[in-house]
Amino acid sequence: MAKKITKAVKAPKKATKASKPGKVGGIIHFFKSNQFKYSLGLFLMILSGYLTVAFVSYIFSGAVDQSRATMSLMDVVLGERGKVHNMAGGIGAFLSELFITDGFGFSSFFFVVIFIVAALNLFGYRKIKFLKVFLFSIVWMLWTSITLGLALTSPDDKQFLNFGGNYGLIISGSLSSLLGIIGASLILAFLLFVLLIVTFNQFIPWLTRILTKKEELAVVTDQGMENLSLDAESEATMQKEVEDLTISKVITEDNKIEAIFNPDAPEDAAMDMADDDDDFEIENTLSQKDVEMSIEDQIFSSVAKPQKAVKGDPEMHITKIVEEGLDDHSMPVMEDYDPKLDLSGYKYPTPDLLDDHVSGNAEVSNEELITNKNKIVETLRHYKIEITKIRATIGPTITLYEIVPAPGIRIAKIKNLEDDIALSLSALGIRIIAPIPGRGTIGIEVPNQKPEIVSMRSIIASKKFQETDYELPIALGKTISNETFMVDLTKMPHILVAGATGQGKSVGLNAIITSLLYKKHPSQLKFVLIDPKKVELNLYSSLEKHFLAKMPDEEDAIITDIQKVKNTLNSVNIEMDSRYDLLKKAHVRNIIEYNTKFIGRRLNPEKGHRFLPYIVVIIDEFADLIMTAGKEVELPIARIAQLARAVGIHMVIATQRPSINIITGVIKANFPTRIAFKVASMIDSRTILDTPGANQLIGKGDMLVSSGSTMTRVQCAFVDTPEVERICEFISDQKGYTTAFLLPDYVGETEAGNGDVDLRNRDEMFDDAARLVVSNQQGSTSMIQRKFSIGYNRAGRIMDQLEAAGVVGPSEGSKARQVLLQDEYSLEQLLNGMK
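Residues numbered from 1 in each chain as written. Predicted model: local features only at pLDDT ≥ 70, side-chain atom pairs only at ≥ 80, totals over all residues. Heavy atoms only, no water.

Chemist: How should I be thinking about the packing of helix H5 (residues 109-122) against helix H6 (residues 130-152) in this particular structure?
Modeler: Any two packed helices are characterised by the angle at which their axes cross and by the distance between the axes. Two elements in contact, H5 and H6, have axes separated by 9 Å at closest approach and are oriented at 175 degrees. Relative to H6, the element H5 is oriented roughly antiparallel. On H6, the residues that touch Phe110, Phe111, Val113, Ile114, Val117, Ala118 and Asn121 of H5 are Phe130, Val133, Phe134, Ser137, Ile138, Trp140, Met141 and Thr144. Here the residues of the contact of H5 with H6 sort into 12 nonpolar, 3 polar and no charged. (Axes fitted to C-alpha atoms, helices over the stretch in contact; angles between N-to-C directions. Helix = DSSP H or I, 4+ residues; strand = E, 2+ residues; numbered from the N terminus. Parallel < 35°, antiparallel > 145°, perpendicular 65-115°, else oblique. Contact = heavy atoms within 4.5 Å. Nonpolar A, V, L, I, M, F, W, Y, C, P; charged D, E, K, R; others polar.)

Dropping the structure here:
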């Protein structure tokens, strides 16, 4: 018992010793903190301003101050203020004499530049590299000091101010003694040329342009003005080139003439023609595109360009073009349509808006690696399993140990030892991948003792993200091998996110949204944000006029009401059907081909064509929607998931209840890409991923990304609420559109109501709509709207009249109404009886 008590008493002493490195780490953490950086930066900024005042004042008052008895530092500090004329006081006079007279002269102002750049870097402004400025400033300061010492200072001068300082005077004197004044000057001139080349990248191209211009001017002067005239043969050739151009003159209201010429003609000839006639405005078009366009579309593209709008009546303009003999070969090719033109000054968010989350000393030590390796090998040997090779791959939160078992060892035998290996390693939980696809090894994932935080800033600033050519790039985090993990949402095409409470789902959604905000222009992307919890996605409400989409007459762009959620999802369905109609008219298969045609001005906006931005529908707390709305929400979501990929509409839904009544077979079938954070049981993991594994994650952003047959373990990038607020503030402070992107209007069937319908005031399309419904045996308001190209409210009123007339049955939620008449003969009898 005595021995046990002694050990218990000694234990705290060990803890006390171990706490010393913690204090050192706290001091190091303080020097790395933003508080210290901002304080030091502010001090350097004040110091640079103080030195500037002292140096400038010293130029004018230095002679008076220096004429007094030689002052030491203590003389300056303890003396009376009236004795010093420097505006920065005695300290300023002393520092000025130290830097300028005893130091480097006027080039001492480079110290001010160094301090300012250092302060800016401490404030977080990284566009100007401190090390580069420091090195260049030191070199330029030395060169300037020596040059001023050689050029403006004589050894016999007894003036108080040495322009190059004592250092410049001494070094220039040594150079002139060795090489003479001329030799020293040539050396300094050569160094100046080298410094200009090294410091300024555009110096050589600028010098080349200057010399080239002077050479051309000299050639023209030597040849004389008579050589500039064209001979008869040259004039004839040029005249022929001008005649080969197919010219279409368009006379506008202000009597100006716009010449539209054949794009296949030589450019030089067109320019010569412009010189001959100042009344011609020449537009040099691009190469002719291999596009078959109707004559109406071509004429539209020639008059509808916003940058070159023609004054007057468009019909008169079209008539004039046709009268001038416009054909396919002389048709102008206009500049491409720019969807970003309305917000051409939009600036993308910068990585500086994000924090660089540092988790301290999170490196995995060699001791930890060797210890884990030995324990794995020892545990396997207990069960008579020999291995021939083992290697470790260190990730941010886990380390992957790959083993190659000896011949004859069954993989299932190793797989069954998962709990035993976890016990021997004293780990939170390990995961065995047997085998790793395409590697020929068995993987054992072991959590690190000190996990690393993956900051969103490191992901956004990575080369892989900056140079990606994905349409909708989403950077989720880092893999086990510390590589940035990215996916293209257009290839997914929809994502299901699930996991237990507090395991990182909301951070994952923020990472998805942040990635898209950093890469897409407001004209290219719109979000439909659905947040039944009302607080998770509310941060993005300030982006309403930039990135958000909503239904007309809705006050809030973030949808939280259940009934509005149903209407919004049905509105997205109508938008999807409308986009498919546009793709059909344009004879294309997907949104990329369609927008390419529209940007190339090969689709006529007067026929309803428009630029189609991507729409990403993000739903948080999907379980709450299913519990309250059920099929009314699930069916439109399933329809979007099945059909919307080709028209650029994608969905991301998140839930914290991965049960089979929430994630149904319909949802799983249409969401092939799934992200699973840590869950409580293997059953929940199978519900999300169709395989175990999510129950063995360690939490705090640790996730499995399943896409098809591949599964990747990723540490989700961490983006905190203040970072999201800064990004939204940066975007919302810029010019936006006048309103949010408006989805098609939709009124729920229950909202429209039947009421008191007066069949005497039937809609003029009532008969046609009744025949459509009976012939198709399907009663749907959206079908009437699409077929007759009318608004949804009018289509709803027609449906109410059909119900009152006994053509269709009552509303059944999101389902189509039952058609009560089975044939058109019965319908005609009903219609004749209503007349």
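Chemist: Is there a simple way to think about the side chain of lysine 520 in this case?
Modeler: Residue placement: lysine 520 occurs in the loop between helix H18 (505-519) and strand E11 (525-530). The side chain of lysine 520 is buried and forms no salt bridge, while glutamate 471, the nearest opposite charge, is found at 4.5 Å. Within polar-contact distance, the side chain of lysine 520 engages the backbone oxygen of glutamate 471 at 2.9 Å. With sequence-adjacent residues up to four places away left out, lysine 520 is seen in contact with Tyr346, Tyr348, Glu471, Leu472, Leu525 and Phe547. (Buried < 20%, exposed > 50% of the residue type's maximum accessible area, 1.4 Å probe, protein only. Lys, Arg positive; Asp, Glu negative; His and termini not counted. Salt bridge = Lys/Arg side-chain N within 4 Å of Asp/Glu carboxyl O. Polar contact = N/O pair within 3.5 Å; in protein donor to acceptor, adjacent residues only side chain to side chain.)

Chemist: What is the right way to read the environment of arginine 817 from this model?
Modeler: Here arginine 817 is to be found in the loop between helix H29 (792-805) and helix H30 (824-834). Of the residues examined, arginine 817 reaches a relative accessible area of 5% and is grouped as buried. A distance of 2.6 Å separates the side chain of arginine 817 from the side chain of glutamate 803, its partner in a polar contact.

Chemist: Could you clarify how one ought to interpret the sheet that holds strand E5 (residues 398-405) in this entry?
Modeler: In a beta sheet, neighbouring strands pair by backbone hydrogen bonds and run either parallel or antiparallel. Pairing is antiparallel across the open sheet formed by 4 strands, whose spatial order is E4-E5-E7-E6. On the outer flanks of this sheet lie strand E4 (387-394) and strand E6 (431-433), each paired with one strand and no other. Shown here is a sheet whose adjacent strand axes are inclined to one another by a mean of 20 degrees, direction ignored. For E6 and strand E7 (residues 442-447), the ladder comprises 3 bridges, and the chain directions are antiparallel. Bridged to isoleucine 432 within E7 is isoleucine 444. (Pairing = 2+ DSSP bridges.)

Chemist: What exactly am I supposed to notice about the nonpolar core here?
Modeler: Nonpolar side chains in soluble globular proteins tend to be buried together. Within the largest apolar cluster, 108 residues are counted, with the highest numbers of intra-cluster contacts made by Phe527, Val617 and Ile619. A total of 8 residues in this core trace back to one element, the largest contributor, which is helix H19 (residues 562-586). Once residues lying within four places of it in the same chain are set aside, the contact partners of isoleucine 619 are Ile530, Leu569, Leu625, Ile637, Met651, Val652, Ile653 and Ala654. (Core = buried A, V, L, I, M, F, W, Y, C linked by side-chain atoms within 4.5 Å.)

Chemist: For this particular structure, what's the right way to read the pattern of salt bridges?
Modeler: Opposite charge on two side chains makes pairing possible when the charged atoms of those side chains draw close. If you walk through the whole model with that rule in mind, you get 26 salt bridges. Among the ionic pairs, glutamate 554 bridges to lysine 564, the shortest N-O distance being 3.5 Å. One end of the pair, glutamate 554, is in the loop between strand E12 (549-550) and strand E13 (558-559); the other, lysine 564, is in helix H19, with 10 residues separating them in the sequence. Close ionic contact of arginine 794 with aspartate 763 constitutes a salt bridge, the shortest N to O distance being 3.0 Å. With a gap of 31 residues between them, arginine 794 in helix H29 and aspartate 763 in the loop between helix H26 (749-752) and helix H27 (766-776) connect regions that are remote in the sequence. With relative accessibility at 23%, the residue arginine 794 sits in the partly exposed group. Among the charged side chains, a salt-bridge network with shared partners connects Arg431, Glu445, Asp702 and Arg713.

Chemist: I would appreciate a short explanation of the environment of valine 446 in the present structure.
Modeler: Along the polypeptide, valine 446 turns up in strand E7. Sequence separation between valine 446 and isoleucine 394 is 52 residues, and the spatial gap between their C-alpha atoms is 9.7 Å. With residues near it in sequence (within four places) discarded, valine 446 still touches Asn372, Ile398, Thr399, Tyr401, Leu425 and Ile430.

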